[in-house]
Amino acid sequence: MEATVTTANNDEKTWGGGEHIQPLGASYGKMMMWFFIVSDALTFSGFLAAYGFSRFKFIETWPLADEVFTHFPFMHGVSAPMYYVALMTFILIFSSVTMVLAVDAGHQLKKTKVAVYMFLTIIGGLIFVGSQAWEWKNFIKGEYGAVETAGGSLLQFVDANGKRVALADFAVKLPEQREALTRSHATWFVEDAETQPTYTVAEVQAGFKAHPELLIRTEQLTDKKKKTVLTRVESESRLGTAKYVVEGANLTRNEYGSKLFADFFFFITGFHGFHVFSGVIINIIIFFNVLLGTYEKRRSYEMVEKVGLYWHFVDLVWVFVFTVFYLV
């Protein structure tokens, strides 16, 4: 339908989504999808810009992606930096290819091919979302552990060759019992035993003292983009200021480096993961409509094309997120 706007000089018709008036040759539904994509692109741009400013402000303490994302499924103990992230990216990009094929099959009114390619797109999206959840689990759990000083500096442990050493490899269990805080016995907050670190600061200090070959690596980067390794004397001195044992990453502490890295990682990848999950749900709905012959009866698969625009946008955003978080 069309709405008429009356002015002092003439009558002007504004677009009400009718088929005969199509700005840029696009239907009303496609135009609305493009409006959403542009607005969402600006949102992601703001997030990534904030990440970039924060990273370069704290560049000396920013974690190295090659040391954070080293896990690969079913390869426990094997360091595979960035391999699984690259595989995730390939799967998501390949799902964009299958979506293109689904749209093309829709233009040709080939119902079976549309259903097959939509199904492959859904599988790719589910694998990606599951991979992100698995990556989050490893990031939260951590691998080596570290200690945080009273001043907020992060101290990691390495051997004489500069290779990371996990707390479990040298920390000792002291005889004194740790008392978990409960609601009936707490000073300022409630903490379950599950949230407490595996080792206390005293147990880490005692284990470090018993292993003279160990050194401490700070979060500060050298000119060669390597973490600064202290001498044994300096390591013992810095470890004496330790206040917390840090295992994994959360919104408060991060064993890999700057706390802001974890904050941005959870927020931006989580926000993108929500988009992918939403896209999977929408794709599933469209997939069942294809099977039911809804679009075959309409003689138009435009809904597949519209959801395809959204899916390509989600894939494109991940390329930027992947570049900013993992490559730069």
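Residues numbered from 1 in each chain as written. Predicted model: local features only at pLDDT ≥ 70, side-chain atom pairs only at ≥ 80, totals over all residues. Heavy atoms only, no water.

1. Points about the nonpolar core
Side chains that are nonpolar tend, in soluble globular proteins, to be buried together.
Okay, step 1: Ranked by size, the top nonpolar core spans 53 residues in total, and within it Phe69, Phe139, Val304, Phe325 and Tyr326 carry the most contacts.
Okay, step 2: Of all elements in the fold, only α1 (28-57), α2 (65-68), α3 (83-107), α4 (111-141), α7 (259-292) and α9 (302-327) reach the threshold of two or more residues within this core.
Okay, step 3: If you tally residues by element for this core, the top one is α9, at 14 residues.
Okay, step 4: With residues up to four places along the chain from it excluded, the contact list for Phe139 reads Val68, Gly248, Ala249, Asn254, Tyr256, Phe261, Ala262, Phe265 and Phe266.
Okay, step 5: Counting 17 residues, the second largest nonpolar core, distinct from the first, contains Leu167, Phe170, Val201 and Leu230. (Core = buried A, V, L, I, M, F, W, Y, C linked by side-chain atoms within 4.5 Å. Buried < 20%, exposed > 50% of the residue type's maximum accessible area, 1.4 Å probe, protein only. Helix = DSSP H or I, 4+ residues; strand = E, 2+ residues; numbered from the N terminus. Contact = heavy atoms within 4.5 Å.)

2. A closer look at the pairing of strand β4 (residues 154-158)
Okay, step 1: Most of β4 is tucked away, with 5 of its 5 residues classed as buried.
Okay, step 2: Here β4 shows no split at all, with Leu154, Gln156 and Val158 on one side and Leu155 and Phe157 on the other all buried.
Okay, step 3: The sheet contact formed by strand β3 (residues 146-149) and β4 spans 2 bridges and is antiparallel. Looking at the pairing, Val147 lines up with Leu155 of β4.
Okay, step 4: The turn joining β3 and β4, which pair antiparallel and follow one another in sequence, is formed by 4 residues; a positive phi near 95° is taken by Gly152. (Pairing = 2+ DSSP bridges.)

Limitation: the analysis is restricted to geometry and does not speak to function.
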